[in-house]
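For reference, the chains in residue letters:
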Amino acid sequence: MNLSVCKQVLKFITFFVVLQTLGGDPVDDIQFETDHSNSISIASWNIQDLGQSKNTEEIAFMANVLKDFDMVAIQEVVAKHPAGAQKVAELADELNRRGAKWDYRISDPTKSPSVYMSERYAFLWKTSKIDIIGRAYLDKELETKVYREPYIGKFNLKEANKEFYVVNFHSRKHDDQPELEIQYFKDYPNRLNSNNIIIAGDFNLNENHPVWNDLYQQGYKAALKNKKTTLKRSCKSKGYLSHAIDNMYVSSGFSVVNSGVIDYIETCNNLDSARKISDHLPVFFQGHMNPN
């Protein structure tokens, strides 16, 4: 075995060992409600380049992070290679091995200005808790107004028999003024004819930006406040977290009980290995659907 191959093997072994120790059980500190028919828990995660670059161990790690939630919204599924959709299927299979039955849907590639901007989205959910209603779809009305049109799913919280929507979105970069895309979200309550809407994703700006005021005036709440969700490239100063840009914006049809960032890193020593999973941490929302 030549020196180059030896280095690659050693690098993989080192990464695999660190992967097993990242944050222990990442959701140990989250209390999940199991006795309330209106309760719901959702995670949202921009999994950087979810596709052929992710190996079996990394997919298994993702499943361990996500397994206790009722539903997951994923951004940045690779569109230009079939491995993107295949890795979502592998993630669903890994989740199925952890004690609950999961289903999933993957979007078509977004109609982006460039093939390099185009992505897919994904929804995954526990079938004991949630049903999908009809087909999830990319928002064609915003196709020419945003770089990656949102992926919209209509679901039913089974025990409560209440319908709700999840809008899954990954905005253009911060320097490209993502507020020019987000400004259209204020129309969703009328367009979807619903007060039970969760807008989840990576918005490349935080919850204090004035573009959100139109939604706040309609009773929406940011699930997370002042919570950094992206990872620095190195820990040169003030830890490993960078920007507060991943969030969920929840309509008045929901009460927020708990929310936060799932930080499985814990120490700068784990940063390089964690960045192989993604340069974003997952965020979560726990709450109740309010009476009509």
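It should be noted that the structure appears before, not after, this text.
On a predicted model such as this, the values are computed, not experimentally measured, just so you know.

> Looking at this structure, I do not really get the packing of helix H2 (residues 56-66) against helix H3 (residues 83-96). What am I missing?
Between two packed helices, what matters for the description is the angle formed by their axes and the separation of those axes. Their axes nearest at 9 Å, the elements H2 and H3 cross at an angle of 55°. What the angle tells us is that H2 and H3 run oblique. Considering the relative orientation of H2 and H3, their crossing is right-handed. For the pair formed by H2 and H3, the contact residues are Ile59, Ala60, Met62, Ala63 and Leu66 on the first element and Lys87, Glu90, Leu91, Glu94 and Leu95 on the second. Class assignment of the residues belonging to the contact of H2 with H3 gives a composition of seven nonpolar, no polar and three charged.

> Looking at this structure, how should I read the state of the cysteines?
Note on terminology: disulfide describes a covalent bond linking the sulfur atoms of two cysteines. One pass over the structure, following the stated rule, counts one disulfide. A disulfide bridge connects Cys235 with Cys268, and the sulfur atoms are separated by 2.2 Å. Between Cys235 and Cys268, the S-S dihedral sits near -95°, and the bridge is therefore left-handed. With Cys235 in the loop between strand S10 (221-222) and strand S11 (246-250) and Cys268 in the loop between strand S12 (254-261) and helix H7 (271-277), this pair connects stretches of sequence that are 33 residues apart. Cys235 gets classed as partly exposed once you look at its relative accessible area, which sits at 28%.

> Just checking my understanding: could you explain H2 for this structure?
What sets the pattern is the α-helix's 3.6 residues per turn: residues three or four places apart point alike. Among the eleven residues in H2, eight count as buried, and that is most of the element. Those residues of H2 that fall on the buried side of the exposure criterion are Glu58, Ile59, Ala60, Phe61, Met62, Ala63, Val65 and Leu66. At the N-terminal boundary of H2, the capping side chain belongs to Asn55, with an oxygen 3.0 Å from the backbone nitrogen of Glu57.

> Mind showing me how you'd approach the packing of aromatic side chains here?
Any aromatic ring pair is given by two values, namely how distant the centres are and how the planes are angled relative to each other. Using the criterion set out here, one finds 17 aromatic pairs in the structure. Their ring planes at 55° and their centres at 6.1 Å tell us that Trp45 and Tyr264 sit as a pair that is tilted. One end of the pair, Trp45, is in strand S1 (residues 39-50); the other, Tyr264, is in the loop between S12 and H7, with 219 residues separating them in the sequence. Look at Trp45 and you get buried, because its relative accessible area is 0%.

> Any chance you could explain H3 here in plain terms?
Taking 1.5 Å per residue as the helical rise, H3 with its 14 residues ought to reach 20 Å, and the 20 Å between its terminal C-alpha atoms agrees with that figure. Every buried residue belonging to H3 is among Ala83, Gly84, Lys87, Val88, Leu91, Ala92, Glu94 and Leu95, and all of these are buried. If you follow the buried residues of H3, they end up packed against S1, H2, strand S2 (71-78), strand S3 (102-106) and strand S4 (119-126).

> What is the right way to read the environment of Pro82 from this model?
Topologically, Pro82 is positioned in the loop between S2 and H3. Residue Pro82 is classed as exposed on the basis of its relative accessible area of 54%. Once the C-alpha coordinates of Pro82 and Gly51 are considered, the two residues, 31 residues apart in sequence, prove to be 7.9 Å apart.

> How should I be thinking about the pairing of strand S7 (residues 151-157) in this particular structure?
Counting buried positions along S7 gives six out of seven residues, so the element sits mostly inside the fold. Bridge count for strand S6 (residues 137-138) against S7 is two bridges, and the pairing is antiparallel. Each residue of the ladder has a partner; that of Tyr137, found in S7, is Ile152. One ladder, built from seven bridges, connects S7 with strand S8 (residues 162-170); its direction is antiparallel. Bridge pairing in S8 links Phe155 to Phe164. The loop that links S7 with its antiparallel partner S8 comprises four residues; one of these, Asn161, has a positive phi angle of about 55°.

> Teacher, can you tell me more about the sheet that holds strand S13 (residues 283-289) here?
Strand-to-strand pairing in sheets goes through backbone hydrogen bonds, with the strands running parallel or antiparallel. Taken in spatial order, the six strands of this open sheet run S3-S4-S2-S1-S13-S12, and their pairing is mixed. Two strands in the sheet have a free side with no partner beyond their single neighbour: S3 and S12. When the angles between neighbouring strand axes are averaged without regard to direction, this sheet yields 20°. The pairing of S12 with S13 spans seven bridges and is antiparallel.

> Where do I start with the pattern of salt bridges in this structure?
Oppositely charged side chains are able to pair whenever their charged atoms sit close together. Scanning the entire structure with this criterion turns up eleven salt bridges. Residue Asp68 is joined to Lys67 by a salt bridge in which the shortest nitrogen-to-oxygen separation is 3.3 Å. A relative accessible area of 26% means that Asp68 is categorised as partly exposed. Residue classification places Lys67 among the partly exposed residues on the basis of a relative accessible area of 21%.

> Honestly, the side chain of Ser251 in this entry has me stumped. Any pointers?
Mapped onto the elements of the fold, Ser251 is located in the loop between S11 and S12. In this structure Ser251 comes out as buried when scored by relative accessible area, which is 0%. With near-sequence residues (within four places) excluded, Ser251 lies in contact with Asn195, Asn196, Ile197, Gly219, Tyr220 and Lys221.

The rules behind the values
- Residues numbered from 1 in each chain as written.
- Predicted model: local features only at pLDDT ≥ 70, side-chain atom pairs only at ≥ 80, totals over all residues.
- Heavy atoms only, no water.
- Axes fitted to C-alpha atoms, helices over the stretch in contact; angles between N-to-C directions.
- Helix = DSSP H or I, 4+ residues; strand = E, 2+ residues; numbered from the N terminus.
- Parallel < 35°, antiparallel > 145°, perpendicular 65-115°, else oblique.
- Left-handed = near helix turned anticlockwise from the far one by under 90°.
- Contact = heavy atoms within 4.5 Å.
- Nonpolar A, V, L, I, M, F, W, Y, C, P; charged D, E, K, R; others polar.
- Disulfide = S-S within 2.5 Å.
- Buried < 20%, exposed > 50% of the residue type's maximum accessible area, 1.4 Å probe, protein only.
- Polar contact = N/O pair within 3.5 Å; in protein donor to acceptor, adjacent residues only side chain to side chain.
- Phe/Tyr/Trp six-rings, centres within 6.5 Å; stacked < 30°, edge-to-face > 60°.
- Expected span 1.5 Å × (residues − 1).
- Pairing = 2+ DSSP bridges.
- Salt bridge = Lys/Arg side-chain N within 4 Å of Asp/Glu carboxyl O.

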